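Coordinate inspection notes
So you can see what is in the structure, the chains are spelled out below.
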Amino acid sequence: MTDDTQAPKGQYDISIIRPAMRDEDFKLRGEGFGAARLAAIKKGLLTLHTLELMASTVYKFQITGQRSEMNRQLIAAMCNEMGHYQDFQIKLYEYGFKPSKIRWVFCMVGFVFGFGSRLLGKRAMLKVGVFVESKAVDHYGHLLAEIDWDDETRKVVEKDAADEDGHINRWKALLQLTS
């Protein structure tokens, strides 16, 4: 992550799967923001919310009943993505927005990618993981560069982007081991 559209590497501890939240972390946001800024934030949050639903669903349907390191990694990744999904759902409501009514479509796409790759084997699962996370990193980078986020929301977006980059590295490393 070297360009200015993405969070600096190393700034966030990606070993933390679900950061703690306290009551004072929740705020009503957007007061005094212009209509264009709010529209951009809404579009960005809806995009991230639905993409994180898709990602958590991919991992959910890649997990098998085997007791393996791969499944442990998939469970951790699924948990992390579910946390991201919650992050953006919270932000949507803090801004007074609602999740997309068609988010179920992203759930279906996640099912197809997850279960389909599971049927094709470990290498296909890892390749789908790299593909999905690479698309996520690209989306995060553009949204970080293009949207005037409030500081606290920007930190959430940056942390979640760093997590996605960590997933790419994890899946690529496992992919090399399966060659």
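Refer to the structure above for everything that follows.
Conventions we followed
Residues numbered from 1 in each chain as written. Predicted model: local features only at pLDDT ≥ 70, side-chain atom pairs only at ≥ 80, totals over all residues. Heavy atoms only, no water. Helix = DSSP H or I, 4+ residues; strand = E, 2+ residues; numbered from the N terminus. Rg over C-alpha atoms; globule rule 2.2 N^0.38 Å. Contact = heavy atoms within 4.5 Å. Areas by Shrake-Rupley, 256 points an atom, 1.4 Å probe, with all protein chains shown as cover. Core = buried A, V, L, I, M, F, W, Y, C linked by side-chain atoms within 4.5 Å. Buried < 20%, exposed > 50% of the residue type's maximum accessible area, 1.4 Å probe, protein only. Axes fitted to C-alpha atoms, helices over the stretch in contact; angles between N-to-C directions. Parallel < 35°, antiparallel > 145°, perpendicular 65-115°, else oblique. Nonpolar A, V, L, I, M, F, W, Y, C, P; charged D, E, K, R; others polar. Phe/Tyr/Trp six-rings, centres within 6.5 Å; stacked < 30°, edge-to-face > 60°.

1. With respect to the overall build of the protein
The secondary structure content of the protein amounts to five helices and zero strands. When the helices and strands of the protein are read in sequence order from the N terminus, they spell out α-α-α-α-α. Taking 2.2 N^0.38 as the reference for a compact globule, 179 residues should give roughly 16 Å; the C-alpha atoms of the protein span a radius of gyration of 16 Å, in line with that estimate. C-alpha atoms of the protein, sized along the principal axes, occupy 55 × 35 × 30 Å. A sequence separation of at least 24 residues applies to 82% of the contacts in the protein between residues at least 6 apart. Carbon and sulfur atoms make up 58% of the accessible area of the protein, which totals about 10,000 Å².

2. Some words on the nonpolar core
One finds Y59, M70, L74, L126, V132, W171 and L174 to be the most contacted residues of the largest nonpolar core, which totals 18 residues. Of all the elements in the fold, those that place two or more residues in this core are α1 (35-62), α2 (69-94), α4 (122-146) and α5 (151-177). Not counting residues up to four positions away in its chain, the partners in contact with L74 are Y59, Q62, I63, M125 and W171. Core analysis: the second largest hydrophobic core is formed by 16 residues, F97, L143, L144 and V156 among them.

3. A word on the packing of α1 against α4
It is at 11 Å that the axes of α1 and α4 come closest, and there the two elements cross at 170°. Judged by the inter-axis angle, α1 sits roughly antiparallel to α4. Contacts between α1 and α4 involve G44, T47, L48, L51, E52, M54, A55, V58, Y59 and Q62 from the former and M125, V128, G129, V132, E133, H139, Y140 and L143 from the latter. Residues of the contact of α1 with α4, tallied by class, amount to eleven nonpolar, five polar and two charged.

4. A word on the environment of I168
Within the fold, I168 resides in helix α5. The exposure class assigned to I168 is buried, which follows from its relative accessible area of 8%. The spatial distance from the C-alpha of I168 to the C-alpha of E24 is 33 Å, given a sequence separation of 144 residues. With residues near it in sequence (within four places) discarded, I168 still touches V130, E133, S134 and V137.

5. Some details on the packing of aromatic side chains
Applying the stated criterion across every chain, the model contains seven aromatic pairs. Look at F88 and Y140: their rings are 6.2 Å apart centre to centre, the planes differ by 50°, and that puts the pair in the tilted class. Here F88 is found in helix α2, whereas its partner Y140 is found in helix α4, with 52 residues between them in sequence. Classification of F88 by relative accessible area gives buried; the value is 0%. Y140 sits in the buried class, given a relative accessible area of 1%. Taken together, a centroid distance of 6.4 Å and an interplanar angle of 70° make the contact between F113 and F131 edge-to-face. Placement of the pair is F113 in helix α3 (residues 104-120) and F131 in helix α4, with a sequence separation of 18 residues. Classification of F113 as partly exposed rests on a relative accessible area of 30%. Taken together through their ring pairs, the aromatic side chains of F33, Y95 and F97 make up a single cluster.

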